[in-house]
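The primary structure of each chain is shown beneath.
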Amino acid sequence: MADVKSNDSIGRTLLVVLVLCLVCSIVVAGSAVGLKSRQQEQKALDKQRNILDVAGLAVPKMTGEEVKTTFESRITPRLLDLKSGEMLDKDPAKFDLAAALRDPQQSVELTESEDRAGIKRRSNVVEIYLVRDEQNKVQEVVLPVYGKGLWSMMNAFVALNTDGRTIKGITYYDQGETPGLGGEVENPNWRAQFIGKKLLDENGKPALRVVKGGARQGDEYGVDGLSGATLTSNGVQHTFDFWMGELGFGPFLKQVREGALNNG
């Protein structure tokens, strides 16, 4: 009898353990799904906030709802074919950059000589952002750029005037460079140097220069390099060289200089 009772006790214990494990698994799975959804919402909100910031439309202590409202009223996302420089009549919300980079049909592998930015592959299509004034006229365009620094891939948004050459703002929003050195790419004082500088020369070739030791006063193409962070500064330089060239936004910027944004 003792053995029977002992077996029953063990069986009930195992049943309780299994039920508890099942309940815990359901709770954990439900929490993970809920957290993932909130994380995705927060990621989208951070993206919108950074675009508004580089476009000069963000204000301190903007609420999430204010960010969404301002973004929807002033920013028009568009998909861009990099090879042709043409904006596409496709829904940007259905575009997945990560998936495009994994698909040989939607991206290209860069040769060593082409890959100035150290990104290995480039999507054929990217999402850009037209910034409109209160009369709904395009006043600038925000372009996403990224490139390898010393330790990390450095992601940024660059706002350009409708002349297709003049920088109106830049923000590095995701990078893992050394704090106090390469991490200074996020320093507002350093970023402010870019405002008013020319990305391209009169022939439409990449001309912005990150100058070690500091740019000359009045140099419309030069910004100061980051002190003690030569390799990060080089990464910034290479990022601009690639993305503003023919394999990047070069074909699009040519059309912008010819007035394409007036019809954007």
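Below is a summary of the structure that appears in this document. (Residues numbered from 1 in each chain as written. Predicted model: local features only at pLDDT ≥ 70, side-chain atom pairs only at ≥ 80, totals over all residues. Heavy atoms only, no water.)

### What about the environment of Pro206?
Okay, so step 1: As for its position among the elements, Pro206 is in the loop between α4 (188-192) and β9 (209-211).
Okay, so step 2: Relative accessible area serves as the criterion here: at 25%, Pro206 is assigned to the partly exposed category.
Okay, so step 3: In sequence terms Pro206 and Asp241 are 35 residues apart; their C-alpha atoms lie 5.8 Å from each other.
Okay, so step 4: Leaving out residues up to four positions away in the same chain, Pro206 has contacts with Leu199, Leu200, Phe240, Asp241, Met244 and Gly245. (Helix = DSSP H or I, 4+ residues; strand = E, 2+ residues; numbered from the N terminus. Buried < 20%, exposed > 50% of the residue type's maximum accessible area, 1.4 Å probe, protein only. Contact = heavy atoms within 4.5 Å.)

### Some words on the pairing of strand β6 (residues 138-148)
Okay, so step 1: Buried residues dominate β6, accounting for nine of its eleven residues.
Okay, so step 2: Bridge analysis of strand β5 (residues 125-132) against β6 gives four bridges, and the strand direction is antiparallel. Within β6, the residue paired with Leu130 across the bridge is Val141.
Okay, so step 3: Taking the residues that link successive antiparallel strands as the turn, the β5-β6 hairpin has five residues, and the phi of Asn136 there is positive, at about 70°.
Okay, so step 4: Note: β6 against strand β7 (residues 153-161), nine bridges, orientation antiparallel. What sits directly across from Glu140, in β7, is Asn161.
Okay, so step 5: The turn linking β6 back onto β7 is made up of four residues. (Pairing = 2+ DSSP bridges.)

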